[in-house]
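Here is how the chains run, residue by residue.
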Amino acid sequence: MNELPQQLVNGLLLGSMYGLVAIGYTMVYGIVQLINFAHGEIFMMGGFGALTVYLYVLPDGTSLWVALPLMLIGGVLVAVLVAVGAERFAYRPLRTAPRLAPLITAIGLSLALQQAIWAWYPDARSAITFPQIHGGPFEIGNVTIQTGDIFLLSAAPISMAILAFFVMKTRTGRGMQATAQDPDTAKLMGINTDRIIVVAFALGATFAAVGAVAYGLKYGEVQFRMGFILGLKAFTAAVLGGIGNIYGAMLGGLVLGVAEALSTAYISDIPGMEQFGSQSWANVWAFVLLILVLLFRPQGLLGERVADRA
């Protein structure tokens, strides 16, 4: 039990990363009813965009405190360009097609983005070292916070505050809410729904890129398959919180992260369950949690905020 505060912090940090990526899933689904399974690879592209800025744009020896804001901008730009390009050329032509068509397109786009990074970065076939913030770790009571987690500790709440303000207080944010509620009526009211959809893709990509930089700082590496499992977990978090619910996406991420951290730490202490508490089983318990939530509360923890358009 002395480790419980540390495990809760570990889970909240991990869940914050899941939540940042889950926002993209839930925003796109809330507006166009599309599960963008390429979103995990957009997360991955953000990480490699940030790394590219550090390796090929900034002078050698640049302090990471100076480089980090520029890396973040580079990662966001790459992720947003890929997401907006995918919406314009891959998803928009299929907007009126049966739902299976954009789903298959998303899976194909996911594989194509992985192979693009695999070809562009030969070293990406294995993990590539991501620059690290030196110093630390920092201890607060019984809790130890690694230096790489400092960025995530500040970025996650700031990102959520900015998103909440944007959605609730800006004209475009209100347009997003109207389009999610009823796109046909929104068009009649003069809302450019195509632009709203592009904004949703861009915002989701922005938060995914922030999560990718946090991933690189936390784990010290990036690789071309990094978005696959994390993307599935972020989708799981979006469903847990209530698909289409922005705040539910972050809540689902936090619940999933805490559950994963606690299962990894404590299940191995149960007699006869020693082999089920390893890190390799963490992914299994994440999806077990999803199944339980879908069985007992299929609308998610905060409920689905997507109007019934049937």
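(A) Structural view of the overall build of the protein. On a plain count of helices and strands, the protein comes out with 11 helices and 4 strands. Against the 2.2 N^0.38 benchmark of 19 Å for 310 residues, the protein shows a C-alpha radius of gyration of 19 Å, consistent with a compact globule. C-alpha extents for the protein along the principal axes are approximately 60 × 55 × 35 Å. Long-range pairs, those at least 24 residues apart, make up 76% of the contacts in the protein with a sequence separation of at least 6. When the accessible area of the protein is evaluated, it comes to approximately 14800 Å², of which 66% is carbon and sulfur surface. Taken as two groups, the 16 positive and 16 negative side-chain charges of the protein have centres that lie 15 Å from each other.

(B) View of the pattern of salt bridges. Scanning the entire structure with this criterion turns up 5 salt bridges. Glu-87 is the salt-bridge partner of Arg-92, the closest N and O atoms lying 3.0 Å from each other. Among the ionic pairs, Arg-95 bridges to Glu-87, the shortest N-O distance being 2.6 Å. Residue class for Arg-95 comes out partly exposed when judged on its relative accessible area of 35%. Owing to a relative accessible area of 1%, Glu-87 belongs among the buried residues under this scheme. Connected through shared salt-bridge partners, Glu-87, Arg-92, Arg-95 and Asp-194 make up one network.

(C) Spotlight on the packing of helix 2 (residues 39-57) against helix 9 (residues 226-241). At their nearest, the axes of helix 2 and helix 9 sit 7 Å apart, and the two run at 130 degrees to each other. In this view, helix 2 runs oblique relative to helix 9, as classed from their interaxial angle. The element helix 2 and its partner helix 9 pack so that their crossing is right-handed. Across the interface between the two elements, Gly-40, Glu-41, Phe-43 and Met-44 of helix 2 pack against Met-226, Gly-227, Phe-228, Leu-230 and Gly-231 of helix 9.

(D) Structural context of the side chain of Gln-114. Among the structural elements, Gln-114 can be located in helix 4 (residues 100-120). Here Glu-41 takes part through its side chain, which lies 3.1 Å from a polar atom of the side chain of Gln-114. Not counting the four nearest positions on each side in its chain, Gln-114 is found in contact with Glu-41, Met-44, Phe-224, Arg-225 and Phe-228.

(E) The arrangement of helix 6 (residues 171-181) in detail. Every buried residue belonging to helix 6 is among Thr-172, Gly-173, Gly-175, Met-176, Thr-179 and Ala-180, and all of these are buried. Buried residues of helix 6 fall within an arc of 155 degrees about the axis and therefore sit on the same side. Buried residues in helix 6 make contact with helix 1 (4-32), helix 5 (149-169), helix 7 (183-188) and helix 8 (193-219).

(F) Region of interest: the side chain of Ser-263. Tracing the chain through its elements places Ser-263 in helix 10 (residues 246-266). Accessibility expressed as a relative area gives 9% for Ser-263, which makes it buried. At 2.9 Å, the side chain of Ser-263 and the backbone oxygen of Glu-260 are in polar contact.

(G) Seen up close, unusual backbone geometry. Phi is positive for Gln-33, close to 55 degrees, though the residue is something other than glycine. By the element assignment, Gln-33 lies in the loop between helix 1 and helix 2. Exposure remark for Gln-33: the relative accessible area of 17% places this residue in the buried category.

(H) Molecular detail of the packing of aromatic side chains. As enumerated under the stated definition, the model contains 7 aromatic pairs in all. With a centroid separation of 5.3 Å and 65 degrees between ring planes, the pair formed by Phe-37 and Phe-235 is classed as edge-to-face. Remark: Phe-235 occurs in helix 9 and Phe-37 occurs in the loop between helix 1 and helix 2; sequence separation between them is 198 residues. Taken together, the ring pairs connect Tyr-25, Phe-37 and Phe-235 into an aromatic cluster. We note Arg-88 situated over the ring of Phe-89; from NZ or CZ to the ring centre the distance is 5.6 Å. The positively charged end of Lys-218 is found above the aromatic ring belonging to Tyr-219, 5.7 Å away from the centroid.

(I) Examining the confidence of the model for the protein more closely. Looking at the protein, the pLDDT average stands at 87 and 92% of residues meet or exceed 70. Between the elements of the protein, mean pLDDT differs from a low of 82, seen in helix 11 (residues 282-296), to a high of 95, seen in helix 8. Scored below 50 in pLDDT, residues 306-310 shows 14 contacts in the model against residues more than four places distant or in partner chains.

(J) A positive patch on the surface, seen in detail. A contiguous patch of positive charge, built from Lys-169, Arg-171, Arg-174 and Arg-195, is present on the exposed surface. Counting through the fold element by element, Arg-195 comes out in helix 8.

(K) View of a nonpolar patch on the surface. Together, Met-168, Tyr-247, Leu-251, Val-255, Leu-301 and Leu-302 make up an exposed nonpolar region whose accessible area comes to about 450 Å². With 3 residues, helix 10 is the largest single contributor of residues to the nonpolar patch. Among the structural elements, Leu-251 can be located in helix 10.

Definitions and limits used
Sequence order as written defines the numbering, with residues in each chain counted from 1. Per-residue local features are limited, in this predicted model, to residues with pLDDT of at least 70; the limit for side-chain atom pairs, both in listing and counting, is 80 or more; totals at the level of whole chains, interfaces and linings are taken over all residues. Side-chain descriptors were evaluated using all non-hydrogen atoms of the structure, hydrogens and water having been removed beforehand. A run of DSSP states H or I qualifies as a helix once it reaches four residues; a run of E qualifies as a strand once it reaches two. Both are numbered from the N-terminal end. Atoms counted for the radius of gyration: C-alpha only. Globule rule: 2.2 Å times residue count to the power 0.38. In this description, contact between two residues means that some pair of their heavy atoms is separated by no more than 4.5 Å. In this description, accessible areas are obtained by the Shrake-Rupley approach with a 1.4 Å probe, and a residue is regarded as covered only by the protein chains that are shown. Two residue types count as positive, namely Lys and Arg, and two as negative, namely Asp and Glu; His and chain ends fall outside the count. Taken as the charge location is NZ of Lys, CZ of Arg, CG of Asp or CD of Glu. What makes a salt bridge here is a side-chain nitrogen of Lys or Arg within 4 Å of a carboxyl oxygen of Asp or Glu, nothing more. Categorising residues by exposure relies on relative accessible area from a 1.4 Å probe, with only protein chains included: less than 20% of the type maximum marks a residue as buried, more than 50% marks it as exposed, and the intermediate range marks it as partly exposed. All axes here are fitted lines through C-alpha atoms, helices being fitted over the stretch that makes contact, and every angle between N-to-C directions spans 0 to 180 degrees. Each angle gets one of four labels, with under 35 degrees taken as roughly parallel, over 145 as roughly antiparallel, 65 to 115 as roughly perpendicular, and the rest as oblique. By definition, turning the near helix anticlockwise from the far helix through less than a right angle yields a left-handed crossing, and turning it clockwise yields a right-handed one. Identification of polar contacts relies on pairs of N or O atoms within 3.5 Å, with a donor-acceptor requirement for protein atoms, meaning one able to donate a hydrogen and the other able to accept it, and with residues adjacent in sequence counted only if both atoms are side-chain atoms. Working definition: the arc comes from the directions between the helix axis and the C-beta atoms, pointing outward to the latter. Planes of paired rings set the category: under 30 degrees apart is stacked, over 60 is edge-to-face and the rest tilted, where pairs are Phe, Tyr or Trp rings (Trp by its six-membered ring) whose centres lie within 6.5 Å. Any Lys NZ or Arg CZ found within 6 Å of a ring centre and within 35 degrees of that ring's normal is scored as a charge over the ring. pLDDT measures how confident the predictor is about each residue, on a scale from 0 to 100. Put simply, a patch holds well-exposed residues, over 30% relative accessible area, that have no salt bridge, with like charges counted together within 9 Å and Val, Leu, Ile, Met, Phe, Trp or Tyr side chains within 5 Å.

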